[in-house]
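Below, each chain spelled out in residue letters.
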Amino acid sequence: MLSRRSQPEATPLSMAVDRSDPAATLIRVGGDLAYTTAGPLRAEVDRVLADPPPVLVLDFTDLLFIDSTGLGVIVHAWREGQQCGTALRLRAVPRFLETILDMTGVTGLLDRPLGGESRTAAQNVVEHATGTA
């Protein structure tokens, strides 16, 4: 068991929001998305969805770590997006996050279409292969 002093500190969360495309707001997420750092991302998701775009893209190119709280922010973004008509897409998903999404069933959740949209889980989660949204 690690003492409180020997636990590594979280890498700060970094975020950049790009609203230049009216059809899709992009939030780039980097660092650690964890209990101690997830609040700002959740707040930004809520701000974006207050005036909902057709698509919200979460780009995880620089993500280093995620815990259950961070995973909860992704689910929150999906659930709130469903309620306001915004599709959630994940881009540049690191392998560790892809594994967690699959193991927890979140990949299947993200696969649920919004209205008539027919994207597959592979398209939602594995956009890092093409870098498209």
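Residues numbered from 1 in each chain as written. Predicted model: local features only at pLDDT ≥ 70, side-chain atom pairs only at ≥ 80, totals over all residues. Heavy atoms only, no water.

A. Broad picture of the side chain of Thr 86. Mapped onto the elements, Thr 86 comes out in the loop between helix H2 (68–84) and strand E4 (87–91). Look at Thr 86 and you get buried, because its relative accessible area is 1%. In this structure the side chain of Thr 86 is engaged in a polar contact, spanning 2.5 Å, whose partner is the backbone oxygen of Pro 53. (Helix = DSSP H or I, 4+ residues; strand = E, 2+ residues; numbered from the N terminus. Buried < 20%, exposed > 50% of the residue type's maximum accessible area, 1.4 Å probe, protein only. Polar contact = N/O pair within 3.5 Å; in protein donor to acceptor, adjacent residues only side chain to side chain.)

B. Seen up close, the nonpolar core. In terms of nonpolar packing, the biggest core is built from 27 residues, with Leu 56, Leu 58, Phe 60, Leu 88 and Leu 90 touching the most fellow members. Mapped onto this core, the elements with two or more residues apiece are strand E2 (24–33), helix H1 (39–50), strand E3 (55–66), H2, E4, helix H3 (95–104) and helix H4 (106–111). Excluding residues that lie within four positions of it along the chain, Phe 60 makes contacts with Val 29, Leu 33, Ile 74, Leu 90, Arg 91, Ala 92, Val 93, Pro 94 and Leu 97. One finds Leu 26, Val 55, Val 57 and Ala 87 within the second-largest nonpolar core, a separate group that totals five residues. (Core = buried A, V, L, I, M, F, W, Y, C linked by side-chain atoms within 4.5 Å. Contact = heavy atoms within 4.5 Å.)

C. The confidence of the model for the protein chain, seen in detail. Averaged over every residue, the pLDDT of the protein chain is 84; residues scoring 70 or more account for 77%. Least confident of the elements in the protein chain is helix H5 (residues 121–125), whose mean pLDDT is 41; most confident is H1, at 98. Low pLDDT, under 50, characterises residues 116–133; the stretch is placed with 38 contacts to residues that sit more than four places away or in other chains. (pLDDT = per-residue confidence, 0-100.)

D. Representation of unusual backbone geometry in the model. Residue Ala 92 is not a glycine yet carries a positive backbone phi of 55°. Within the secondary structure, Ala 92 is located in the loop between E4 and H3. In this structure Ala 92 comes out as buried when scored by relative accessible area, which is 18%.

E. Molecular detail of the sheet that holds E2. With mixed pairing, the four strands of this open sheet are ordered in space as E1-E2-E3-E4. At either end of the open sheet lies a strand with only one pairing partner, and these are strand E1 (14–21) and E4. Neighbour to neighbour, the strand axes of the sheet diverge by 20° on average, direction disregarded. Across six bridges, E1 lies against E2 in antiparallel orientation. Of the residues in E2, the one forming a bridge with Ala 16 is Arg 28. (Pairing = 2+ DSSP bridges. Axes fitted to C-alpha atoms, helices over the stretch in contact; angles between N-to-C directions.)

F. A look at H2. Compared with the 24 Å implied by 1.5 Å per residue over 17 residues, the 24 Å span of H2 between its first and last C-alpha is a close match. Inspection of H2 places Gly 70, Leu 71, Val 73, Ile 74, His 76, Ala 77, Trp 78 and Gly 81 among the buried residues, and these make up the whole buried set. Here the buried face of H2 lies against E2, H1, E3, E4, H3 and H4. Here H2 starts with a cap whose side-chain oxygen sits 2.9 Å from the backbone nitrogen of Thr 69, and that cap is Asp 67. A positive phi of about 85° marks Gly 85, the residue just after H2. (Expected span 1.5 Å × (residues − 1).)

G. Quick look at the environment of Gly 81. With respect to the secondary-structure elements, Gly 81 resides in helix H2. The sequence separation of Gly 81 and Pro 54 amounts to 27 residues, and the corresponding C-alpha distance is 9.0 Å.

H. Layout of the pattern of salt bridges. Following the criterion strictly, the structure yields four salt bridges and no others. The shortest N-O distance in the salt bridge between Arg 47 and Glu 44 comes to 2.9 Å. In this pair, Arg 47 and Glu 44 both sit in helix H1, three residues apart, roughly one turn of the helix. Take Glu 44: its relative accessible area is 9%, and that puts it in the buried class. Two residues, Arg 79 and Glu 80, come together in a salt bridge whose shortest N-O distance is 3.8 Å. Accessibility expressed as a relative area gives 25% for Glu 80, which makes it partly exposed. When salt bridges that share partners are traced, they join Arg 19, Glu 44 and Arg 47 into one network. (Salt bridge = Lys/Arg side-chain N within 4 Å of Asp/Glu carboxyl O.)

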